Amino acid sequence: MDLVKGERIAIVGLGGVGAWVAELGHKADVAEIHGWGMPMKLKTRMSSGCRELQTPDCIGKPKARWLEETYREIHPQVLCHLKDIHKQTAAEMCANTTFGLVAVDNDESRKTACTAMAEAVNPFY
C-alpha cells in the first residue's frame, strides 16, 4: 500500500486483473484512480475481487462505468474513461497519472499504453 500512496494511478483494462487492482487501489491512500477501458458491457458478473459488490443491475453497464459508480462511493477520486487506448488517449492517460498498470488484453492497446508510459517516464507494470 505504501508503494502507491499519493499516486495518481491509471489502470488500463478493467477485466480480471485490472478489476483486482481497482479493488485494492480504492482502499489505498492514492490521490486518484483512473480506469481506462472500452465501453464493453458486462454480460455476467465479473470474476474478480469486486464480484461481491456487484448487484444484478450491473449487467449491461460498461465495466469502467460500473467500477466508477461503485468505488466512487468509497474513494471520491475514482474516474473512468470509456475510451480505447490509441496515441492521443495514451498521451492523455500519461498526463493525468503517475503510475500505471497495463492489464488490457488487446495487443495493440497494450503496446500503445506501455510505449506511452515508457516515453513519459511513468512507472508502470
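Everything here concerns the structure above.
Figured I'd write up the structure that's included with this text. These figures come from a predicted structure and were not determined experimentally. (Residues numbered from 1 in each chain as written. Predicted model: local features only at pLDDT ≥ 70, side-chain atom pairs only at ≥ 80, totals over all residues. Heavy atoms only, no water.)

On to helix α1 (residues 16–25), then. Inspection of α1 places Gly18, Ala19, Ala22, Glu23 and Gly25 among the buried residues, and these make up the whole buried set. Taken together, the buried residues of α1 touch β1 (8–12), β2 (32–36), α2 (63–71) and β4 (99–102). (Buried < 20%, exposed > 50% of the residue type's maximum accessible area, 1.4 Å probe, protein only. Helix = DSSP H or I, 4+ residues; strand = E, 2+ residues; numbered from the N terminus. Contact = heavy atoms within 4.5 Å.)

Strand order in the open sheet formed by four strands is β3-β2-β1-β4, and the pairing between neighbours is parallel. Only two strands of the sheet have a single partner each, and these edge strands are β3 (78–81) and β4. Here the strands of the sheet are splayed against their neighbours by 15° on average, with no regard to which way each runs. (Pairing = 2+ DSSP bridges. Axes fitted to C-alpha atoms, helices over the stretch in contact; angles between N-to-C directions.)

All right, on to the environment of Gly16 then. The topology assignment puts Gly16 in helix α1. C-alpha separation for the pair Gly16 and Val104, spaced 88 residues apart in sequence, amounts to 9.7 Å.

Before going further, it helps to examine the side chain of Thr97. Of note, Thr97 is situated in the loop between α3 (87–95) and β4. One polar contact links the side chain of Thr97 to the main-chain carbonyl oxygen of Met93, over a distance of 2.8 Å. The contacts of Thr97, once residues within four sequence positions are left out, are Arg8, Ile9, Ala10, His34 and Asn122. (Polar contact = N/O pair within 3.5 Å; in protein donor to acceptor, adjacent residues only side chain to side chain.)

For His81, the location among the structural elements is in strand β3. Between the C-alpha atoms of His81 and Ala64, which are 17 residues apart in sequence, the distance is 7.0 Å. Beyond its immediate stretch of four places on either side in the chain, His81 contacts His34, Gly35, Trp36, Gly37 and Glu92. A polar side-chain atom of His81 sits 2.8 Å from a polar atom in the side chain of His34.

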